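Take a look at the letters that make up each chain.
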Amino acid sequence: MFSTATLLAGILILLTLAGVALFLLAQSSETIEAQISDPSSITGGNGFFAYVWPLVIGTLVSSAIALVVATPFALGIALFTTHMAPRKLAPALGYVIDLLAAIPSVVYGLWGLTLAGNLTGFYAWLAQWFGWIPLFAPDADGSVSNTGRTLLTASLVLSIMILPIITSLTREIFLQTPRLQEEAALALGATRWEMIRMAVLPFGKSGIASATMLGLGRALGETMAVAMILSPGLLTASLIVSGNQTIASEIAQNFPEAAGLRLSELISIGLVLFVITLLVNMAARAIVAKTSVKGS
């Protein structure tokens, strides 16, 4: 009975995934027909691909920045709570980090709006000293966003949102490190950091990779916080000026009033996001499998 139940559960997951894909594909048929017959009828007037690729770039860039910012902090917190913090303090710190995952996206969005207003001075400083880098270049008139509602602000808020996911998973992985390996490293004269570097981190490589990819998946699909913070506009390489947009926030901002071809367009970019997320998960599985083989 247990074997049959688990088999049915696995089949149900696959059927659900296939059903979502078929629904998105069917609802995107109008956009596909418009792309073939009259690309100018699609938003932007240059066809579907010209409409969607800036959204894809904005989604990938914001998620990548969030991942780069959150991962080092998550690993540091996980290592501190598992191997450095006092025993009475470590559980409390773990609970506080886990509580971040329970905060609604809207609350993060409201906090992000406050944060954005306080970052304008920092963005002006970045433009003054690092404006020669395209990522921190100001506008043509030499100014940065007056509101701070930029892609960089949205990415920083995303990093806080994915922090508890990565931290929680890596903490559980680090706690599973064989105690004998840790004691053996210490007995051979290794310091605590050397023990972590030689025993804990190699053991948790696959878990770190999977936790990071799971955090990336969360960042790719985040909607409300990004929609509230980001001031949408044309695609630009600079992260500190108004502009850029993500797929999820584009859908959230336009879906309530959409109808006809416009509704099909939004569902079509949802299909694109579905494919991106699927590819990320497949890549995560490949990385975890490769890391596990090397670790063994």
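Before any of the text, the structure's been laid out above.
Just so it is clear, the structure is predicted and the values come from calculations on it, not from any experiment. (Residues numbered from 1 in each chain as written. Predicted model: local features only at pLDDT ≥ 70, side-chain atom pairs only at ≥ 80, totals over all residues. Heavy atoms only, no water.)

Draft legend 1. View of the nonpolar core. Formed by 50 residues in total, the largest nonpolar core has its most connected members in Tyr51, Tyr123, Leu152, Ile162, Ile240, Ile247 and Ile269. Of all the secondary-structure elements, those providing two or more residues to this core are helix H3 (48-84), helix H6 (120-130), helix H7 (151-175), helix H10 (205-221), helix H11 (224-229), helix H12 (247-254) and helix H13 (261-295). A total of ten residues in this core trace back to one element, the largest contributor, which is H3. The residues contacting Ile240, other than those within four sequence positions of it, are Tyr123, Leu126, Ala127, Leu135, Phe136, Ala137, Val144, Ser145, Thr150 and Leu152. Core analysis: the next-biggest nonpolar cluster, separate from the first, contains nine residues, Ala185, Ala190, Met195 and Ile196 among them. (Core = buried A, V, L, I, M, F, W, Y, C linked by side-chain atoms within 4.5 Å. Buried < 20%, exposed > 50% of the residue type's maximum accessible area, 1.4 Å probe, protein only. Helix = DSSP H or I, 4+ residues; strand = E, 2+ residues; numbered from the N terminus. Contact = heavy atoms within 4.5 Å.)

Draft legend 2. The arrangement of the packing of aromatic side chains in detail. On inspection of all chains with the given rule, the structure shows five aromatic pairs. With centroids separated by 6.1 Å and ring planes inclined at 20 degrees, the aromatic side chains of Phe122 and Trp125 adopt a geometry described as stacked. Placement of both Phe122 and Trp125 in helix H6 is noted, with a separation of three residues, approximately one turn of the helix. For Phe122, a relative accessible area of 40% gives the class partly exposed. Assessed through its relative accessible area of 42%, Trp125 is described here as partly exposed. (Phe/Tyr/Trp six-rings, centres within 6.5 Å; stacked < 30°, edge-to-face > 60°.)

Draft legend 3. Inspection of the environment of Phe49 at higher detail. By secondary structure assignment, the location of Phe49 is in helix H3. With relative accessibility at 58%, the residue Phe49 sits in the exposed group. Through-space distance from the C-alpha of Phe49 to that of Ile269 is 9.8 Å; in sequence the pair is 220 residues apart.

Without other data, these values stay purely geometric and don't point to any function.
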